[in-house]
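Secondary and tertiary structure notes
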Amino acid sequence: FNQKNSEIAFWMNTTYYFNRNLGLTGELRGAYGNAKPLQGTTNYLNLVGRPQISEYPFLVGPTYRFRLRQKTGLSVFALGGTAIGKFDGDSKGVPAATLGFWPSTSARPAFSLGGSLDLNLYPNLAFRITPSYTATTFGGSLQNNAGFEMGLVYRFGRQK
């Protein structure tokens, strides 16, 4: 299970700030890719090729904003929750474990640590860059995922 795969992902979150610095973040992520069957499963390669895999972490936890300026903001977060994994999509009925993948699952523990840099374009609009580490526990082992997300942030409500 030491294969490395590149995946396309989406990321959405919302944060409710209790005060200027401390907030509660809820996050949904999704990642999609094609897996490489492990050595020893080559008799299935002609049948399945590179099956589709997908993961969906649902996470919640504290966010702490330690720098808030007119043009920039910096924050860190620690999120925990669960992840759903589908590792036998498009595998022509061959079970994921037979191909050397983790079994598809409805819920496994997951967590994420990271930080965000907000480049404020307007009081209610910013461009965000978020490097993060996310861990999932599919198949009873720890999967380490490092990456970053970029996107727009829209702020609702009164801006302080």
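In the block above lies the structure referred to throughout.
A brief look at the structure comes next.

Parameters and conventions
- Residues numbered from 1 in each chain as written.
- Predicted model: local features only at pLDDT ≥ 70, side-chain atom pairs only at ≥ 80, totals over all residues.
- Heavy atoms only, no water.
- Phe/Tyr/Trp six-rings, centres within 6.5 Å; stacked < 30°, edge-to-face > 60°.
- Buried < 20%, exposed > 50% of the residue type's maximum accessible area, 1.4 Å probe, protein only.
- Core = buried A, V, L, I, M, F, W, Y, C linked by side-chain atoms within 4.5 Å.
- Helix = DSSP H or I, 4+ residues; strand = E, 2+ residues; numbered from the N terminus.
- Contact = heavy atoms within 4.5 Å.
- Salt bridge = Lys/Arg side-chain N within 4 Å of Asp/Glu carboxyl O.
- Pairing = 2+ DSSP bridges.
- Axes fitted to C-alpha atoms, helices over the stretch in contact; angles between N-to-C directions.
- Polar contact = N/O pair within 3.5 Å; in protein donor to acceptor, adjacent residues only side chain to side chain.

So, about the packing of aromatic side chains. Here a ring pair, both rings aromatic, is described through the centre-centre distance and the interplanar angle of the planes. Tallying each qualifying case throughout the model produces seven aromatic pairs. Ring centres of Tyr16 and Phe18 lie 5.4 Å apart, and the angle between their planes is 75 degrees; on these two criteria the pair is classed as edge-to-face. When its relative accessible area of 56% is taken as the criterion, Tyr16 is described as exposed. Taken together, the aromatic side chains of Phe10, Tyr32 and Tyr56 make up a single cluster linked through ring pairs.

If you look at the biggest cluster of nonpolar residues, it comprises 14 residues, and the most contacted ones within it are Phe87, Phe101 and Phe138. Among the secondary structure elements, those contributing two or more residues to this core are β3 (52-68) and β4 (72-89). It is β4 that contributes the most residues to this core, four residues altogether.

What follows concerns the environment of Gln143. Secondary-structure assignment places Gln143 in strand β7 (residues 143-154). Look at Gln143 and you get buried, because its relative accessible area is 8%. Distance in space between the C-alpha atoms of Gln143 and Ala110 is 9.4 Å, their sequence separation being 33 residues. If we ignore the near neighbours within four places in the chain, the residues touching Gln143 are Trp102, Thr134, Ala135, Thr136, Thr137 and Phe138.

On to the pattern of salt bridges, then. Going through the model one piece at a time under the given rule, you end up with four salt bridges. Among the salt bridges present, the one from Glu149 reaches Arg29, with a minimum N-O distance of 3.8 Å. Note that Glu149 is positioned in strand β7 and Arg29 in strand β2 (residues 22-34), a separation of 120 residues in sequence. Since its relative accessible area comes to 8%, Arg29 is described here as buried. Residue Arg155 is joined to Asp118 by a salt bridge in which the shortest nitrogen-to-oxygen separation is 3.4 Å. A residue pair is termed long-range when its members are at least 10 positions apart, and Arg155 in the segment after β7 and Asp118 in strand β5 (residues 105-122) qualify at 37 residues. Each member of the pair, Arg155 as well as Asp118, is classed as buried. Through salt bridges that share partners, Glu27, Arg29 and Glu149 make up one connected network.

The next point concerns the sheet that holds β2. Across the sheet, which stays open at both edges, the seven strands sit in the order β1-β2-β3-β4-β5-β6-β7 with antiparallel pairing between neighbours. Every interior strand has two partners, whereas the edge strands, β1 (7-17) and β7, have only one. Neighbour-to-neighbour, the strand axes of the sheet open up by a mean angle of 20 degrees, direction not taken into account. Strand direction decides the pairing type here: β3 and β4, joined by 13 bridges, are antiparallel.

A few words now on the pairing of strand β6 (residues 125-136). Pairing geometry for β5 and β6, over 10 bridges, is antiparallel. Its bridge partner being in β6, Gly114 is matched across the sheet by Ser132. Hairpin connection, β5 to β6: the antiparallel pair is bridged by two residues. Following β6, the chain reverses through six residues before pairing antiparallel with β7; Gly139 in that reversal takes a positive phi of roughly 65 degrees.

Turning to the side chain of Arg155, a few remarks are in order. Among the residues examined, Arg155 registers a relative accessible area of 17% and is labelled buried. Polar side-chain contacts of Arg155 include one of 2.8 Å to the side chain of Asn120. Polar side-chain contacts of Arg155 include one of 3.4 Å to the backbone oxygen of Pro123. If we ignore the near neighbours within four places in the chain, the residues touching Arg155 are Asp118, Asn120, Tyr122, Pro123, Asn124, Leu125 and Ala126.

No statement about biological role is implied by the geometric values presented.
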